[in-house]
Amino acid sequence: GGASDISNTATVSVNNAPSITTLPAIVKVGDIKIHKVTAGTSTALRGAEFRVYANKADADAANGNYLVINNADKWTTDPSGNLTIEGLLFSNWINGATVTDPANYRSYYLVEIKAPADHQLLAQPIKVDVTAAGAAVVPVNVENVPTSAFLLPLTGGTGTVRFSVTVKNPWP
């Protein structure tokens, strides 16, 4: 990402009247960064695809009302499990003013549309807020559970153990 503040002015001319230049309007644009890993590990996951929605209802429905940003409508994690979505309006800057109450933020919702190989698709959208651009953005860590393993609690213990089931065809 680049600079997060974009200043705009407009010059208005009506018939033969003198031109008027508006006061600058500041638009703040930032990024979402994701780091995708296998649940309970630091193993990076490539190939996860996401779409971005502007509201929870559309994200929950995973409908066609996703955002198109800079001609892209989906984003894929790279071999290091990372992805960056640039060009989103700040969540805490609306109509030229800072929004201090997170309940009033312009939040975004990420929907995983393709899970990484051998991993389960995320069941719920991920709510994210855009409050920075470029190097200042803190990545959101997202975990995916492998399709071949279930995490069961250890009886009497405080951890989990991986458990897998192999089903063999009983018919020759």
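Structural notes, computed from the coordinates. These figures come from a predicted structure and were not determined experimentally.

The rules behind the values
Residues numbered from 1 in each chain as written. Predicted model: local features only at pLDDT ≥ 70, side-chain atom pairs only at ≥ 80, totals over all residues. Heavy atoms only, no water. Pairing = 2+ DSSP bridges. Helix = DSSP H or I, 4+ residues; strand = E, 2+ residues; numbered from the N terminus. Patch = residues over 30% accessible without salt bridge, like charges linked within 9 Å, V, L, I, M, F, W, Y side chains within 5 Å. Areas by Shrake-Rupley, 256 points an atom, 1.4 Å probe, with all protein chains shown as cover. Salt bridge = Lys/Arg side-chain N within 4 Å of Asp/Glu carboxyl O. Buried < 20%, exposed > 50% of the residue type's maximum accessible area, 1.4 Å probe, protein only. Contact = heavy atoms within 4.5 Å.

## Let's talk about the sheet that holds strand β6 (residues 75–76)
Pairing is antiparallel in the open sheet, where four strands are placed in the order β6-β5-β10-β11. Strands at the two margins of the open sheet, each flanked by one partner only, are β6 and β11 (126–128). Where strand β10 (residues 108–114) meets β11, three bridges bridge the pair, whose relative direction is antiparallel. Bridging from a neighbouring strand, Tyr109 pairs with Lys127 of β11.

## Here's the deal with a nonpolar patch on the surface
Taken together, the side chains of Val12, Val14 and Ile20 make up a nonpolar region of the molecular surface, amounting to roughly 280 Å² of accessible area. Accessibility expressed as a relative area gives 41% for Val12, which makes it partly exposed.

## Let's talk about the environment of Leu89
On the secondary structure map, Leu89 appears in strand β7 (residues 82–89). On the basis of relative accessible area, Leu89 is assigned to the partly exposed category, the value being 36%. When the C-alpha positions of Leu89 and Tyr108 are compared, they lie 9.7 Å apart, and in sequence the two are 19 residues distant. Discounting residues that sit within four places of it in the chain, Leu89 has contacts with Val27, Lys28, Val29, Arg106, Tyr108 and Val130.

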